[in-house]
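This is what each chain is made of:
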Amino acid sequence: MPPVFPMLTVLTMFYYMCLRRRARTATRGEMMNSHRTIEANSRTSPLNAEVVQYAKEVVDFSSHYGSENSMSYTMWNLAGVPNVFPSSGDFTQTAVFRTYGTWWDQCPSAPVPFKRTPPNFQSQDYVELAFEQQVYPTAVHVLETYHPGAVIRILACSANPYSPSPPAEVRWEILWSEKPTKVNASQARQFKPCIKQINFPTNLIRLEVNSSLLDYYTELDAVVLHGTKDKPVLSLKTSLIDMNDLEDDYEEKNGCGMDNLNKKFSSIALREGTSNGYFDKLPYELIQLILNHLTLPDLCRLAQTCKLLNQHCCDPLQYIHLNLQPYWAKLNDTSLEFLQPRCTLVQWLNLSWTGNRGFISVSGFSRFLKVCGSELVRLELSCSHFLNETCLEIISEMCLNLQDLNLSSCDKLPPQAFNHIAKLCGLKRLVLYRTKVEQTALLSVLNFCSELQHLSLGSCVMIEDYDVIASMIGAKCKKLRTLDLWRCKNITENGIAELASGCPLLEELDLGWCPTLQSSTGCFAKLARHLPNLQKLFLTANRSVCDTDIEELACNCTRLRQLDILGTRMVSPASLRKLLESCKDLSLLDVSFCSQIDNRAVLELNVSFPKVFIKKSFTQ
């Protein structure tokens, strides 16, 4: 009698392949139902009761609308129980990110996007939340109180932020993700995405957001983590149905993740045959052009197919623009080491969000730049908390051609580290938003970096006297086109006068939440008269802006595209009508909380100027 075991094995493999194919071709609705099946079939014993907890603290975030010295509109409002929910509207007690919509992408300060960004990576901002107890997550609820719909990814981390010793391994797992979708209602809601089950407990949750489809700022009030102390037991039926997760695990085990770059680029075990199909007959440049359309993981996979394609995939010309931000959860020193020989010609490098929690060391970063930094023109390091003074020193020594440096939200960098930036005399764009740069270091940078065209100093709370900074900018940075002074607490009309006379090429100026500026001094009128090229002007929360200022803008700044005068009490509908009639390119006008501009006035202006998005926020 023939053995049955081999036959059973073949049938089992066939059944597995059918289920994989079904998972690949399943519709989104079927996959969602699959996740619901998992949730419904979870077996929780009475002793394994569900734990429900609010965030204990905010660990990290990329940006916020608020100030570093207060709680209004800051990410720190996400800690603890709800402050506002279920009320809807614009409340200072909520967490708000810095931007919304596509307006910031349309400004003169907007950087050129990186090529080869995977289409499934669309995150613009993030916030990380720590909870008291580690649990196996069963649900994550996000309380959104205004313009919901920004959250597009929720991740869990295996590391415990309250553990006294660092973990041997840190893993990030996606609990839920979705493409940005338009939510028409602006009312409050409790967002309850259907999350997948993971095989480790967590008390560190990360929300990633994309606000590009929002009509206004999204506001988050609290995050609730549901979970069990013990791992839920799934039935065999449930674990087989959710083949989507199995497919992800399969790719990871076979070396398709960013943490296996060494395997991807290895030429060992490549085919020894001399024939490469028709690729041998194509010109080298044409193959290179074709490969330019691949994302980095696809390029890595292709490198394993044959020696010819391995040679093409390892050509440094494929890495002129290298965007590693989408792979922040996997990128580490080993990844950089194996990319290093291929990045000797890299000119644009994006390491934003990468390297945190020990993934990238100072020595690993330094080794990479010593080999690959000589041709660098653009370096993005937003929220890269592994950076220290040594890293900035290495940048200043090895990247002498650097023109674009982004250190946004690198709030762990010590103040003295910024002195090294002064050595980069060719800088044209410098982003220091939410850093601890001090006045002495910044004055040195401005003195030596006279080619600056774009400068962001928003929320730099360590600067003592912004008038001194403005004077230096006016004297040294004659080519400056955009300047962000968001929440600069002490700039006065004297600093504004220096900017207006010294930087005539300014196209964008953000003076939002600068309380020491008063219209009665004539500072805003002076800006309008001296800066005819202005396209974006934010005077957010300056209650002294008046009709005279608006009329000066209407007369002198006819190229204006974006104007924010949120919170003023002195502007009338009549002056706004003059502005809209003169500034034909105006597309964004924020009149939220302007006491003289009621809803009726907004409706009338909308009828007369339908191409202009007039924003009018509210509080319920």
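Quick caveat: nothing in here was measured; it's all calculated off a predicted structure. (Residues numbered from 1 in each chain as written. Predicted model: local features only at pLDDT ≥ 70, side-chain atom pairs only at ≥ 80, totals over all residues. Heavy atoms only, no water.)

The subject of this paragraph is the confidence of the model for the chain. For the chain, mean pLDDT is 88; residues scoring 70 or higher make up 85% of the total. Counted against residues more than four places away or in other chains, residues 264–274, with its pLDDT under 50, gives 29 contacts. (pLDDT = per-residue confidence, 0-100. Contact = heavy atoms within 4.5 Å.)

Running from N to C, helix α15 (residues 523–530) and helix α16 (residues 547–556) cross one another at 5°; their axes reach a closest spacing of 8 Å. Taken together, the axis directions place α15 and α16 in an arrangement best described as roughly parallel. Contacts from F524, A525, A528 and R529 in α15 reach D549, E552, L553 and N556 in α16. (Axes fitted to C-alpha atoms, helices over the stretch in contact; angles between N-to-C directions. Helix = DSSP H or I, 4+ residues; strand = E, 2+ residues; numbered from the N terminus. Parallel < 35°, antiparallel > 145°, perpendicular 65-115°, else oblique.)

Let's shift gears to the sheet that holds strand β14 (residues 429–431). Pairing is parallel across the open sheet formed by 12 strands, whose spatial order is β10-β11-β12-β13-β14-β15-β16-β17-β18-β19-β20-β21. A single partner strand is all that each edge strand has here, and the edge strands are β10 (321–323) and β21 (613–615). Looking at each pair of strands side by side, their axes are set apart by 5° on average, direction ignored. Relative to strand β20 (residues 588–590), strand β19 (residues 562–564) is paired through three bridges, and the arrangement is parallel. Following the sheet pairing, L563 is matched in β20 by L589. (Pairing = 2+ DSSP bridges.)

As a further point, take the pairing of strand β1 (residues 50–54). Of the two faces of β1, only one is covered, namely that formed by V51 and Q53; the face formed by E50, V52 and Y54 stays uncovered. Bridge count between β1 and strand β9 (residues 219–228): five bridges; the pairing is antiparallel. Its bridge partner lying in β9, E50 is registered against T228. (Buried < 20%, exposed > 50% of the residue type's maximum accessible area, 1.4 Å probe, protein only.)

Note on aromatic pairs: each is described by the distance of the centres and the angle between the planes. Under the counting rule described, the total for this entry stands at 19 aromatic pairs. Both rings, one in Y65 and one in Y73, keep their centres 5.2 Å apart while their planes meet at 80°; by these two values the pair is edge-to-face. Among the residues examined, Y73 registers a relative accessible area of 9% and is labelled buried. Ring geometry for W176 against F191: centres 5.2 Å apart, planes inclined by 75°, an arrangement best described as edge-to-face. Note that W176 is positioned in strand β6 (residues 172–177) and F191 in strand β7 (residues 189–191), a separation of 15 residues in sequence. (Phe/Tyr/Trp six-rings, centres within 6.5 Å; stacked < 30°, edge-to-face > 60°.)

Within helix α17 (residues 573–582) the residues assigned to the buried category are S575, L576, L579 and L580. The buried side chains of α17 occupy one side of the element, clustering within an arc of 140° when seen end-on. Taken together, the buried residues of α17 touch α16, β19, β20 and α18 (599–608). (Arc of directions from axis to C-beta.)

As a further point, take the environment of I205. Among the structural elements, I205 can be located in strand β8 (residues 202–209). Residues I205 and A55, spaced 150 residues apart in sequence, show a C-alpha to C-alpha distance of 8.9 Å. In contact with I205, not counting residues within four places along its chain, are V127, E128, L129, F131, I154, L155, A156, L175 and L225.

Okay, unusual backbone geometry next. Cis peptide bonds are those with omega within 30 degrees of zero, and the linkage from F85 to P86 qualifies with 15°. Tracing the backbone shows P86 in the loop between β2 (57–61) and β3 (95–96). In the Ramachandran plot, Y73 falls in the positive-phi region, its phi being about 60° despite a non-glycine side chain. Its place among the elements puts Y73 in the loop between β2 and β3. In this model, S409 sits at a positive phi of 60°, which is unusual for a non-glycine residue.

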